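# Commentary on secondary and tertiary structure
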Amino acid sequence: FYIFRSIDEDRKIKYRAAVKIQSWFRGCRVRAYLRHLNEMVILIQKWWRGYRCRKHFRKMVETAYFIMKMNFYNEMAVRIQKRWRGYYVRKYIHNYYALKKYLQAVSVNNAFVRSQLQEKKKMKENEEKMKDLEKKEKEKKYQARKMHYLLSTEQIKKKNNSPFRKSPDPMELKKKNSKPLSHRKKQVKSKKKNELYDWPTCKKPPAKKKKLPLPPIGRQKPQGPFRDTTEVLWQRCKPLEPTLRVAESINSPLEKAREGIKREEWRNPIHDNEFLPFSSYHKNETEKYEPKKKKSGKYVQEAYGTKQKKKIYPKKWIADK
């Protein structure tokens with residue numbers, strides 16, 4: 001029994017050892033294969049990436065060479081254009097000889113203008129000097145006329161004609177040749193202030209509120225209950241009220257002017273007073289005249305043509321009725 005048991009245990013140990021060796025060998029083989037695959041993958045990626053980078057680098061070199069060539073061509077073209085434009089401008093636009101002639105003409109013209117300005121300046125200075133001399137001469141003449149009372153005589157020698165001088169002063173000669181100043185006339189107040197201003201002609205209309213004085217005494221006042229003279233003059237000299245034909249232009253329509261007149265009448269209405277017939281007023285004092293409602297009212301617009309043309313002054317009536 002012990003022999004079989006030892007053989008069985010030895011068999012199990014050997015079996016386990018064989019399994020372990022097989023697993024180790026298989027693991028080494030798989031790992032070696034995976035390592036080989038990894039190396040092959042890395043090699044393939046290396047070659048592919050190198051190919052792609054070399055291809056991209058060739059494109060970059062081509063573009064850089066093309067850009068360098070185009071820059072070189074552009075620079076050469078700019079140099080050629082610069083030389084040609086300089087030649088063209090120097091020959092046809094900014095010609096040296098033409099510019100020289102122009103500058104010479106400008107210098108000649110400037111010299112001529114300067115000479116003219118200097119002459120004009122001298123003339124102005126001479127005119128100012130003449131004006132100053134004339135002004136001083138006028139002042140001397142005025143002083144001579146003002147100091148004419150100091151003129152020396154044969155008996156009395158004044159300061160300007162001293163006997164100790166060899167020749168008389170020029171001021172003395174001017175006093176002899178000039179006339180003395182005349183006295184100023186006093187301003188006399190006019191007596192026509194209280195009279196009417198252009199009363200018969202009415203060149204300037206007098207104000208309505210201010211009462212003008214009476215006409216001259218030579219005119220006799222007419223008899224009768226007449227209005228005041230100032231009111232008559234104001235009515236005579238009142239401003240012009242043109243007709244419809246004069247106020248409006250030829251091109252404007254007539255209806256437009258009539259509308260303006262109607263608006264003025266509506267703005268300045270005239271209400272009718274009660275009509276009291278004087279012939280039968282004393283008979284029926286209670287019954288008064290009542291106007292029709294259609295004709296006019298206190299707060300109704302009046303019809304066209306009812307505006308009174310003549311002004312009425314009820315305060316100046318002789319009798320109330």
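- Looking up the protein chain in an unreviewed UniProt entry gives the name SPT17 protein, with the organism given as Piprites chloris.
- Per UniProt, the comment on the protein chain under Subcellular location (unreviewed entry) is "Cytoplasm".

### A look at the overall build of the protein chain
- Tallying secondary structure elements over the protein chain gives six helices and zero strands in all.
- Listing every helix and strand of the protein chain by position from the N terminus yields α-α-α-α-α-α.
- Expressed as a percentage of the 321 residues in the protein chain, the buried residues total 7%.
- In the protein chain, once contacts between residues fewer than 6 apart in sequence are set aside, the share between residues at least 24 apart is 56%.
- Counting only carbon and sulfur atoms, one obtains 58% of the accessible surface of the protein chain, whose full area is about 32900 Å².

### Points about the pattern of salt bridges
- Overall, the coordinates contain four salt bridges when judged by the stated rule.
- Glutamate 9 serves as the salt-bridge partner of arginine 5, at 3.9 Å between the closest nitrogen and oxygen. Separated by four residues within a single helix, arginine 5 and glutamate 9 lie in helix H1 (residues 2-93), roughly one turn from each other.
- The exposure class assigned to arginine 5 is partly exposed, which follows from its relative accessible area of 48%.
- In this structure, arginine 11 engages aspartate 8 in a salt bridge whose closest nitrogen and oxygen atoms are separated by 2.7 Å. Of this pair, arginine 11 and aspartate 8 both sit in helix H1, three residues apart, which is roughly one turn of the helix.

The rules behind these values
- Residues numbered from 1 in each chain as written.
- Predicted model: local features only at pLDDT ≥ 70, side-chain atom pairs only at ≥ 80, totals over all residues.
- Heavy atoms only, no water.
- UniProt positions renumbered as here; feature names shortened; annotations may be inferred.
- Helix = DSSP H or I, 4+ residues; strand = E, 2+ residues; numbered from the N terminus.
- Buried < 20%, exposed > 50% of the residue type's maximum accessible area, 1.4 Å probe, protein only.
- Contact = heavy atoms within 4.5 Å.
- Areas by Shrake-Rupley, 256 points an atom, 1.4 Å probe, with all protein chains shown as cover.
- Salt bridge = Lys/Arg side-chain N within 4 Å of Asp/Glu carboxyl O.

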